[in-house]
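For reference, the chains in residue letters:
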Amino acid sequence: PEMREAIWKRVSLHECGHAIAGKALGLGTVERVLMHSHGSGFAQSRLKSTEGVIEELDARLAMIMAGRAAEELCLGSKSSGAGGSDKSDLAKATQIALAIETRYGMGETGALYANLKDADWHFGPISDSVKTRIATASERALDVLNKNQELLRKMAEDLAACRSMEGQRLKDWLDQVAPYDMSADIVSPIMTCYELITAMVESSIRFSHMKTRASAVSAMPASYPHLTLPHNPTVYIAVRPARLNTT
């Protein structure tokens with residue numbers, strides 16, 4: 001039925017997003033991408049050994065968030081597929097971002113170790129830092145996939161047709177992926193008016209320009225009544241520094 005085809009399309013984009021981001025970011029070898037009959041999927045990768053530096057951790061975060069980013073980029077919406085359990089993409093991303101802030105000594109909180117319980121960090125500066133890092137990873141994932149968007153769509157169509165991809169078939173697709181420079185500024189292809197203003201107020205973007213997109217919805221934040229925003233649906237392309245301020 002039509003609904004089942006829509007689910008397959010979304011799942012195939014989601015899993016191919018992970019695979020393409022993993023390849024572009026040089027995180028290791030993508031061994032298999034598959035879709036299950038019940039409407040879920042999995043991208044199996046063998047991650048290479050790393051030095052544990054912040055660039056590698058941020059790259060892993062981007063790969064984890066790339067499934068959700070692929071849905072947003074190609075379908076204009078995000079599903080709940082990235083969340084829902086402690087093994088989900090969002091759970092993994094939160095664990096890494098929280099570890100950067102409270103256990104690895106690489107975040108905005110400085111060089112410290114704190115074994116926090118959930119209730120200890122959900123509000124306040126640590127929570128804000130974790131959210132910011134995940135949001136930045138999502139923007140980086142969008143940037144990676146936007147640079148490989150035609151490949152993403154075609155690969156996802158093939159996966160939706162074959163349901164499982166590995167070996168030479170998978171290699172032929174991933175050999176076409178453009179490498180991504182982690183030191184370059186992040187160009188986020190999707191940013192609503194609200195997100196733009198928030199980023200401008202926080203001085204976390206360098207410049208932006210407007211791009212019309214029918215599926216985007218403009219929003220006037222109540223906290224900025226003095227600003228005049230366009231009424232037509234718009235998004236903004238924003239350029240953000242590649243790295244957050246770290247100690």
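Scroll up to find the structure this text is about.
Residues numbered from 1 in each chain as written. Predicted model: local features only at pLDDT ≥ 70, side-chain atom pairs only at ≥ 80, totals over all residues. Heavy atoms only, no water.

Attention now moves to the pairing of strand β1 (residues 28-35). The sheet contact formed by β1 and strand β2 (residues 41-47) spans seven bridges and is antiparallel. Looking across to β2, one finds that R32 is bridged to Q44. Of the strand pairs in this sheet, β1 and strand β3 (residues 164-166) are connected by three bridges, and their pairing is antiparallel. Bridging across to β3, V33 finds its partner in M165. (Pairing = 2+ DSSP bridges. Helix = DSSP H or I, 4+ residues; strand = E, 2+ residues; numbered from the N terminus.)

Attention now moves to unusual backbone geometry. Phi is positive for R163, which is not a glycine, with a value near 70 degrees. Take R163: it is sitting in the loop between α6 (149-162) and β3. On the basis of relative accessible area, R163 is assigned to the partly exposed category, the value being 29%. (Buried < 20%, exposed > 50% of the residue type's maximum accessible area, 1.4 Å probe, protein only.)

Summed over all chains, the structure comprises nine salt bridges. Between E101 and R133 there is a salt bridge; the shortest N-O distance is 3.7 Å. Placement of E101 in helix α3 (residues 89-102) and of R133 in helix α5 (residues 125-146) is noted, with a sequence separation of 32 residues between them. The buried category is assigned to E101, whose relative accessible area is 1%. One salt bridge in this structure joins D143 and K147, with 2.4 Å as the shortest N-O distance. In the salt-bridge network here, residues are joined through shared partners; they are D58, E101 and R133. (Salt bridge = Lys/Arg side-chain N within 4 Å of Asp/Glu carboxyl O.)

So, on to the nonpolar core. Of all hydrophobic cores here, the largest spans 39 residues; its most connected members are I20, L25, L145, L152, M155 and L174. Every element with two or more residues in this core is listed here: α1 (2-24), β1, α2 (54-75), α5, α6 and α7 (167-174). Setting aside residues up to four positions removed in sequence, I20 forms contacts with L145, N148, L151, L152, M155, L174 and V177. Within the second largest apolar cluster, 14 residues are counted, among which are I64, A97, L98 and I100. (Core = buried A, V, L, I, M, F, W, Y, C linked by side-chain atoms within 4.5 Å. Contact = heavy atoms within 4.5 Å.)

It is worth spelling out the packing of α2 against α5 at this point. Contact geometry for α2 and α5: axes closest at 6 Å, N-to-C directions at 65 degrees. Our classification of the angle between α2 and α5 gives roughly perpendicular. By crossing handedness, the relation of α2 to α5 is classed as right-handed. Where α2 abuts α5, its residues I54, D58, L61, A62, M65, A66, A69, A70, E72 and L73 lie against R133, I134, A137, S138, R140, A141, L142, L145 and N146. For the contact of α2 with α5, the per-class residue count stands at 13 nonpolar, two polar and four charged. (Axes fitted to C-alpha atoms, helices over the stretch in contact; angles between N-to-C directions. Parallel < 35°, antiparallel > 145°, perpendicular 65-115°, else oblique. Left-handed = near helix turned anticlockwise from the far one by under 90°. Nonpolar A, V, L, I, M, F, W, Y, C, P; charged D, E, K, R; others polar.)

Before going further, it helps to spend a moment on the environment of R153. Inspection of the secondary structure assignment puts R153 in helix α6. Each C-alpha atom of the pair R153 and C16 lies 8.7 Å from the other, and the pair is 137 residues apart in sequence. Non-local contacts of R153, meaning those with residues more than four positions away in its chain, are made with L13, L73 and C74. Side-chain polar atoms of R153 contact the side chain of Q149, separated by 2.9 Å. (Polar contact = N/O pair within 3.5 Å; in protein donor to acceptor, adjacent residues only side chain to side chain.)

Under the defined criterion, the tally for this structure stands at zero aromatic pairs. Note that R163 overlies the ring of W8, its terminal NZ or CZ placed 3.9 Å from the centroid. (Phe/Tyr/Trp six-rings, centres within 6.5 Å; stacked < 30°, edge-to-face > 60°. Lys NZ or Arg CZ within 6 Å of the ring centre and 35° of its normal.)

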